[in-house]
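Observations on the model geometry
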Amino acid sequence: MDVLKLKRIAGEFFPGKAVSSIVPFGEGHINDTYKLGLGGTGEAFILQRINTKVFSNPLGVANTHLKIQEALSGQYHPLVIARLVPDSAGNPVHFDQDGNAWRMTSFIDNSVTIEVVKEPWQALEAGRGFGWFNKICHSLDVTRFPEPIKDFHRLSFRIRQLDEAINRDAAKRLITVLDLVKFYKDREQSLSLIEEMTDQGKIPLQVVHNDTKINNLLFRGRKAAAVIDLDTVGPGIIHYDYGDALRTGGNTSNEDEQDLENVDFNMQAFEAFTRGYMEQVCNIITKAELDNLHLAPRLMAFIMGIRFLADYLNGDVYYKTAYPGHNLDRSKVQMKLIECMEAREAQMKATIDNALAALSEGRNTSND
Ligand code: ADP
Ligand code: GN1
Ligand code: MG
């Protein structure tokens, strides 16, 4: 998008102020993100064109952001979320003449994202960061939060979407991916328990983030500093957040790595993340949630794997892609992660149990 147009949009939020810079920013797959610098003050902001093909109700998304902002106000928190900046008329989203939806948020200064976890402290802090987010949302009334994308992490819905993509074969690519399709079809029953327990009310629906990819957490120094990308916040289960953070933070390589030899599930990162996460949620997590938590990273890898594959078959219509096989590469990475997690299922369960046991032991000792 040309800079003049972007500056015009920025002017809708900061009338009369000079924009000193405006550059594309970050690695998101959905929205168009720009970092904006204001002349004079040197203050920075994030300007985003919300992808309205994905988020059909951008105002609903902004209202959810405001509710989280309100829930956090008036109290100290170890992490923050970006602050929504209204346009000059007071609207949380600005619609331009072409119907594009624009949002401005504060820039989290001196922060970085991590695409691949390299050191255990990063995983520990990520666990604390996303655990904190789950903890603060736990007490919110889930019925007041709409679903930004219907059935976003409903496994049966994603399986149906893959089946439709297979039947349509819109991009005529099916013939080239039969083995990968078989990999996913062979496993589609293996993770259905979590959806069943949720539908039966055994796993509680609550307000969760729903997109806890590791690059949706900002670090400052050696600490998790902010949880960002709140577009998907709404009803869900903690398995989605714990699982999505680990299918990304536990991956030894990038989400689009082409050499699968480099893709492994990092058990050290898994252990450290789980420790940080449990520190935060140990007082709110239920037995039913815990029973299947070790399957959550696999569930999320499976859901993303079939979403990438369906998008590949559909001709790359949903995710941003840089080359024709990009979605296919992403789907293969999820396949490799699923294989690693299947082989380590018992170890994953034990790691979660141990993290909790160590916490309650620590508490008992400190009570002595
Ligand atoms: P998408 O939905 O497309 O993933 P995000 O909201 O995650 O969009 O933004 C994309 C990237 O922009 C993030 O991964 C992060 O690097 C950067 N980013 C977004 N918001 C902020 C912010 N408030 N402060 C600093 N960086 C940000
Ligand atoms: C998208 O917006 P971003 O890039 O953080 C997607 C997630 C996927 C992720 C895969 C709204 O997340 O569900 O896990 O890509 N978000 C949406 O990289 O579809
Ligand atoms: Mg993002």
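Residues numbered from 1 in each chain as written. Chains lettered and ligands numbered in written order. Predicted model: local features only at pLDDT ≥ 70, side-chain atom pairs only at ≥ 80, totals over all residues. Heavy atoms only, no water.

**Quick notes on the packing of helix H7 (residues 238–249) against helix H10 (residues 296–314)**
Applied cut-off: Axes, fitted as lines to C-alpha atoms, cover a helix only where it is in contact. Angles between the N-to-C directions of the axes lie from 0 to 180 degrees. Counting from the N terminus, the helices are DSSP H or I runs at least four residues long and the strands are E runs at least two residues long. Any angle between 65 and 115 degrees counts as roughly perpendicular, while under 35 counts as roughly parallel, over 145 as roughly antiparallel, and the rest as oblique. By the convention used here, residues are in contact when the closest approach between their heavy atoms is within 4.5 Å.
Relative orientation of the contacting elements H7 and H10 amounts to 75 degrees, with a least axis distance of 7 Å. Put simply, H7 runs roughly perpendicular to H10. Of the residues in H10, those touching H7 at His239, Tyr240, Tyr242, Gly243, Asp244, Leu246 and Arg247 are Ala296, Pro297, Leu299, Met300, Ala301 and Met304.

**Comments concerning the coordination of the magnesium ion (ligand 3)**
What counts here: In this description, a donor is an N, O or S atom within 2.8 Å of the metal centre, a cutoff extended to 3.2 Å for sodium, potassium and calcium. Water is not part of the atom list, which can make sites seem incomplete. Burial here depends on accessible area, computed with a 1.4 Å probe over protein chains only, as a share of the maximum for the residue type. Under 20% is buried, over 50% is exposed, and the range in between is partly exposed.
Protein-derived coordination of the magnesium ion (ligand 3) comes from Asn216 (OD1) and Asp229 (OD), at a distance range of 2.2 to 2.3 Å. Of the two residues, asparagine 216 sits in the loop between strand S7 (206–208) and strand S8 (217–220) while aspartate 229 sits in the loop between strand S9 (223–227) and strand S10 (234–236), which places them 13 residues apart along the sequence. On the basis of relative accessible area, aspartate 229 is assigned to the partly exposed category, the value being 28%.

**Some words on the site of ligand 2**
Under the convention used in this document: It suffices for a single heavy atom of a residue to lie within 4 Å of a molecule or strand for the residue to be listed as near it. Under the rule applied, a polar contact is a pair of N or O atoms within 3.5 Å (in protein, one hydrogen donor and one hydrogen acceptor; residues adjacent in sequence only if both atoms are side-chain atoms). Computed with the Shrake-Rupley method and a 1.4 Å probe, the accessible areas treat only the protein chains shown as cover for residues. Residue polarity is assigned by list, with Asp, Glu, Lys and Arg as charged and Ala, Val, Leu, Ile, Met, Phe, Trp, Tyr, Cys and Pro as nonpolar; anything else, Gly included, falls into the polar class. Residue ranges assigned to each domain were obtained from an automatic or database domain assignment.
Around ligand 2, 19 residues are found, and the nearest of them are His29, Lys213, Glu255, Arg307 and Tyr318. Within the side chain of aspartate 211, one N or O atom sits 3.1 Å away from an oxygen atom of ligand 2. Look at ligand 2: alone it shows 450 Å² of surface, and the protein chains cover 98% of it. The greatest single-element share of the shell around ligand 2, amounting to three residues, is contributed by H10. Residue classes in the shell around ligand 2 are distributed as nine nonpolar, four polar and six charged. Structurally, the shell around ligand 2 is a two-domain feature, drawing no fewer than three residues from each of domain 1 (3–106) and domain 2 (120–367).

**A look at the site of ligand 1**
Neighbouring ligand 1 are 19 residues, the closest being Asn31, Gln48, Ser106, Ile108 and Asp229. For ligand 1, the accessible surface in isolation is 550 Å², of which the surrounding protein chains cover 95%. Residues from two domains meet in the shell around ligand 1; each of domain 1 (3–106) and domain 2 (120–367) gives at least three.

**Observations concerning unusual backbone geometry**
The phi angle at aspartate 169 is positive, at roughly 45 degrees, despite the residue not being glycine. Its identity is not glycine, yet aspartate 229 carries a phi of approximately 60 degrees, on the positive side.

**A short note on the pattern of salt bridges**
Using the following cut-off: A side-chain nitrogen of Lys or Arg and a carboxyl oxygen of Asp or Glu constitute a salt bridge if their distance falls within 4 Å.
Counted by the stated rule, this structure contains 25 salt bridges. With a closest N to O distance of 3.8 Å, glutamate 125 and lysine 223 form a salt bridge. Here lysine 223 lies in strand S9 and glutamate 125 lies in helix H3 (residues 120–138), a separation of 98 residues in the sequence. Between lysine 182 and aspartate 186 there is a salt bridge, with the nearest N and O atoms lying 2.7 Å from each other. Here aspartate 186 and lysine 182 lie together in helix H5 (residues 178–186), a separation of four residues that amounts to about one turn. Shared partners join several salt bridges into a network, and the residues in it are Lys150, Asp151, Arg154, Glu195 and Asp199.

**Thoughts on the side chain of aspartate 87**
When you line up the elements, aspartate 87 lands in the loop between strand S4 (84–85) and strand S5 (94–95). One polar contact links the side chain of aspartate 87 to the main-chain amide nitrogen of asparagine 91, over a distance of 2.8 Å. Setting aside residues no more than four positions away along its own chain, aspartate 87 makes contact with Glu12, Phe13, Val93 and His94.

**Some points on the domain arrangement of the protein chain**
Filter applied, for reference: Accessible area that two parts lose when put together, with a 1.4 Å probe and added across both, is what the buried area reports.
Annotation of the protein chain at the domain level lists domain 1 (3–106) and domain 2 (120–367). Taken together, the contacts link 21 residues of domain 1 with 27 residues of domain 2. Roughly 2,200 Å² of surface becomes buried between domain 1 and domain 2 when both sides are summed, with 64% attributable to carbon and sulfur atoms. Of all residues in domain 1, the largest losses of buried area upon contact with domain 2 belong to His29, Lys67 and Leu79, amounting jointly to 31% of the total for that side. Put simply, domain 1 and domain 2 have two salt bridges between them. Of the charged contacts in the structure, one is a salt bridge between aspartate 32 and lysine 320, with a shortest N-O distance of 2.9 Å. Where domain 1 touches domain 2, the interface holds 10 residue pairs in polar contact (both at pLDDT 80 or more). No other element matches the seven residues that helix H2 (residues 58–72) contributes to the side of domain 1 that touches domain 2.

**Comments concerning H7**
Stated formally: To estimate the expected span of a helix, count its residues, drop one, and scale the result by 1.5 Å.
For H7, built from 12 residues, the straight-helix expectation of 16 Å at 1.5 Å per residue is met to within 8% by its first-to-last C-alpha distance of 16 Å. Counting buried positions along H7 yields 12 of 12 residues, so the element is predominantly enclosed. Residues Ile238, His239, Tyr240, Asp241, Tyr242, Gly243, Asp244, Ala245, Leu246, Arg247, Thr248 and Gly249 constitute the buried set of H7.

**Side note on the side chain of histidine 209**
Along the chain, histidine 209 turns up in the loop between S7 and S8. Among the polar contacts listed, one links the side chain of histidine 209 to the backbone oxygen of isoleucine 228, at a separation of 2.8 Å. Not counting residues within four places of it along the chain, the set of residues in contact with histidine 209 comprises Phe133, Val227, Ile228, Asp229, Leu230, Thr232, Val233 and Asp241.

**Considerations on the nonpolar core**
Selection criterion: The set of buried Ala, Val, Leu, Ile, Met, Phe, Trp, Tyr and Cys residues whose side-chain atoms join them within 4.5 Å is what this entry labels a nonpolar core.
Residues Phe133, Tyr184, Tyr242, Phe273 and Met278 are the most contacted members of the largest nonpolar core, which totals 98 residues. Per-element tally for this core: the top contributor is H10, with 13 residues. Here this core spans two domains, since at least three of its residues come from each of domain 1 (3–106) and domain 2 (120–367). For tyrosine 242, the residues in contact, after removing those within four places along its chain, are Phe270, Phe273, Thr274, Tyr277, Leu293, Ala296, Pro297 and Ile352.

**Remarks on the packing of H5 against helix H11 (residues 326–343)**
Quick note on the threshold: Two helices crossing with the near one rotated counterclockwise from the far one by less than a right angle form a left-handed crossing, whereas a clockwise rotation gives a right-handed crossing.
It is the contact of H5 with H11, at a shortest axis distance of 11 Å, that shows an interaxial angle of 45 degrees. One way to sum up the angle between H5 and H11 is to call them oblique. Like other packed secondary-structure pairs, H5 and H11 cross with a definite hand, here left-handed. From H5, Leu180, Phe183 and Tyr184 reach across to H11, where they touch Leu328, Ser331, Lys332, Gln334, Met335, Ile338 and Glu339. When its residues are assigned to classes, the contact of H5 with H11 shows six nonpolar, two polar and two charged.

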